[in-house]
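Residues per chain, in single letters:
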Amino acid sequence: MNASDRTPADLLRSALAADPGRPLVTFYDDATGERVELSVATFANWVAKTANLLQGDLGAEPGDRLALLLPAHWQSAVWLLACASVGVVAEVGGDPADADLVVSGPDTLEEAAACSGERVALALRPLGGRFPQPPAGFADYAVEVPGQGDRFAPFVPVDPEGPGLAVGGEELSYAGLVGRARKDAAKLGLEPGSRVLSGLGYDTWDGLSAGLFAALAAGGSVVLCRHLDQLPAEGLAQRTEAERVTHTVR
């Protein structure tokens, strides 16, 4: 990655320029058997569409605060990078009542309804499927995002020193996030081509770093596993071999 990259969106642009076809996020849900693999180009396309939805249809501006009520999931990773592309502060597990916008999974809709601003719901179904019945008071992400543009340009340049991510009672600027991710990558011994299998949730910095940011900062990729505790030991060994995992964080 380029030393001049100062935001997560910068890291993604560098990854796209370096090798758009390589895998970036491979997602497993061991409760459902789902597997999704996104190349850098495919992931970046989802990020661009989501950022256009966020900035355009939802009217989000730099500094707005978005309560992100999603588990470790490939679509959660998309939303984190979309927020960084627009300049919106992603508050992981934040209080919807205090947020400008909320993005919710199917299990937190009642909590998310406390947000007085725009509300988006994700069904988290295989292949990014929509809700069978759209939840009242929410825009269905799977309905709204496909028609968005494949390229994104922020109306206002994102300030690397501006607030970027809040998680576990700590707030990081975008530059601070990138710097911390680089340090984590160095501690793990990550390098370009490294493949990190993470079974951690996205509700802590350690989970976000292992499951997205550290690998992105190092030029590597992630194998993000939800409900990994439901996978037997022999299944984990097979996955590690099949996915060419170089580092495991559980």
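Placed above this text is the structure.
Residues numbered from 1 in each chain as written. Predicted model: local features only at pLDDT ≥ 70, side-chain atom pairs only at ≥ 80, totals over all residues. Heavy atoms only, no water.

Draft legend 1. Main features of the pairing of strand β2 (residues 34-39). Where strand β1 (residues 23-29) and β2 come together, six bridges link them in antiparallel fashion. Counted as the bridge partner of T26 is E37 from β2. Between β1 and β2, which follow one another and run antiparallel, lie four residues, and G33 among them has a positive phi close to 85°. (Pairing = 2+ DSSP bridges. Helix = DSSP H or I, 4+ residues; strand = E, 2+ residues; numbered from the N terminus.)

Draft legend 2. Just the packing of helix α6 (residues 174-188) against helix α7 (residues 205-218), in detail. Close contact between α6 and α7 brings their axes to 8 Å; oriented N to C, the two are set at 85°. The angle between α6 and α7 falls in the class roughly perpendicular. When α6 is examined against α7, the residues L177, R180, A181, R182, D184 and A185 are found in contact with a partner set consisting of W205, S209, F213, A214, A217 and A218. Partitioned by chemical class, the residues of the contact of α6 with α7 number eight nonpolar, one polar and three charged. (Axes fitted to C-alpha atoms, helices over the stretch in contact; angles between N-to-C directions. Parallel < 35°, antiparallel > 145°, perpendicular 65-115°, else oblique. Contact = heavy atoms within 4.5 Å. Nonpolar A, V, L, I, M, F, W, Y, C, P; charged D, E, K, R; others polar.)

Draft legend 3. Broad picture of the environment of Q230. Residue position: Q230 is located in the loop between β11 (221-226) and α8 (233-242). The partly exposed category is assigned to Q230, whose relative accessible area is 47%. C-alpha separation for the pair Q230 and D29, spaced 201 residues apart in sequence, amounts to 9.3 Å. The contact partners of Q230, leaving out residues within four places of it in the chain, are D30 and A31. (Buried < 20%, exposed > 50% of the residue type's maximum accessible area, 1.4 Å probe, protein only.)

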